[in-house]
Amino acid sequence: MAKNKQLTAGDIMTAGVQCVGAHQSLREAAVMMRDMNVGCMPICGDNNRLTGLITDRDIVVGCCAEGIDPATVQAGSLAGELHWIDANAGADEALSTMEEHQIKRLPVIDVKGGHKLVGMITEANLARNLTDAQIAEFATRVYAGA
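Now for a quick tour of the structure. Since the structure is predicted, the reported quantities are computational estimates derived from the model, not experimental observations.

**Brief notes about the overall build of the chain**
Check the secondary structure of the chain and you find six helices and seven strands. For a compact globule of 146 residues, the expected C-alpha radius of gyration is about 15 Å, and the chain comes in at 16 Å, within 12% of that figure. Its C-alpha atoms give the chain principal-axis dimensions of roughly 50 × 35 × 25 Å. Residues counted as buried form 36% of the 146 residues belonging to the chain. When the accessible surface of the chain is totalled, it reaches about 8200 Å², and 48% of it is carbon and sulfur. Across the chain, the centroid of the 12 positively charged side chains sits 5 Å from that of the 18 negatively charged ones.

**So, the pattern of salt bridges**
As enumerated under the stated definition, the model contains one salt bridge in all. Between D35 and R34 there is a salt bridge, with its nearest N and O atoms 2.9 Å apart. Grouping residues by exposure puts D35 and R34 together as exposed.

**What to know about the nonpolar core**
Soluble globular proteins tend to bury their nonpolar side chains together. The biggest cluster of nonpolar side chains holds 18 residues, and the ones touching the most others in it are I85, M98, L106, V108, I121, L126 and F138. If you list the elements that add at least two residues to this core, you get α1 (9-12), α4 (91-101), β6 (105-110) and α6 (132-143). Among the elements that make up this core, the one with the highest residue count is α4 (four residues). Grouped together as the second largest cluster of nonpolar side chains are 13 residues, L26, I59, C63 and V73 included.

**As for the state of the cysteines**
Under the criterion given, the structure shown has one disulfide. The partner cysteine of C19 in its disulfide is C44, sulfur to sulfur 2.1 Å. With C19 in the loop between β1 (14-15) and β2 (20-21) and C44 in strand β3 (residues 40-44), this residue pair connects regions lying 25 residues apart in the sequence. A relative accessible area of 7% places C44 in the buried class.

**Focus on the sheet that holds strand β5 (residues 85-86)**
Sheet architecture is open: four strands sit in the order β1-β7-β6-β5, paired in mixed fashion. In this open sheet, the two strands that pair with only one neighbour each are β1 and β5. Strand direction decides the pairing type here: β6 and strand β7 (residues 116-122), joined by six bridges, are antiparallel. The residue of β7 that forms the bridge with D110 is K116. Against the sheet, α4 touches β5, β6 and β7, its axis set at about 135 degrees to β6.

What counts, and at which threshold
- Residues numbered from 1 in each chain as written.
- Predicted model: local features only at pLDDT ≥ 70, side-chain atom pairs only at ≥ 80, totals over all residues.
- Heavy atoms only, no water.
- Helix = DSSP H or I, 4+ residues; strand = E, 2+ residues; numbered from the N terminus.
- Rg over C-alpha atoms; globule rule 2.2 N^0.38 Å.
- Buried < 20%, exposed > 50% of the residue type's maximum accessible area, 1.4 Å probe, protein only.
- Areas by Shrake-Rupley, 256 points an atom, 1.4 Å probe, with all protein chains shown as cover.
- Lys, Arg positive; Asp, Glu negative; His and termini not counted.
- Charge placed at Lys NZ, Arg CZ, Asp CG, Glu CD.
- Salt bridge = Lys/Arg side-chain N within 4 Å of Asp/Glu carboxyl O.
- Core = buried A, V, L, I, M, F, W, Y, C linked by side-chain atoms within 4.5 Å.
- Disulfide = S-S within 2.5 Å.
- Pairing = 2+ DSSP bridges.
- Contact = heavy atoms within 4.5 Å.
- Axes fitted to C-alpha atoms, helices over the stretch in contact; angles between N-to-C directions.

Here it is, written out as structure tokens:
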């Protein structure tokens, strides 16, 4: 990689992200999260396209805390507003998107390659690839609600 090359979303993401199917149960999603040691799963529809994200907190607060059996609820029912970024977009654009929407995880889509989910950008990816000043700004905007 050239020293002056700007990092892209594809450069800083974690690849190999798996989806939970929109029609799979929240229990199945929870098992997948446990087995992969993650707190968030992309939700994919019948066409294998990204339709949303679900977090472990979504399952606990939106289902378990309401006394609902997670085995009876489809993962797709908790898919909220979805933000994503093209793999070829700049890493700075990914950071801006995460700050603007106050989100800690951002799916990465290969738009030219059939609009497929190719990875996820998380806080850990930011910490490994951005400057201390950029990380501090992100933390202020996302956690302090600036």
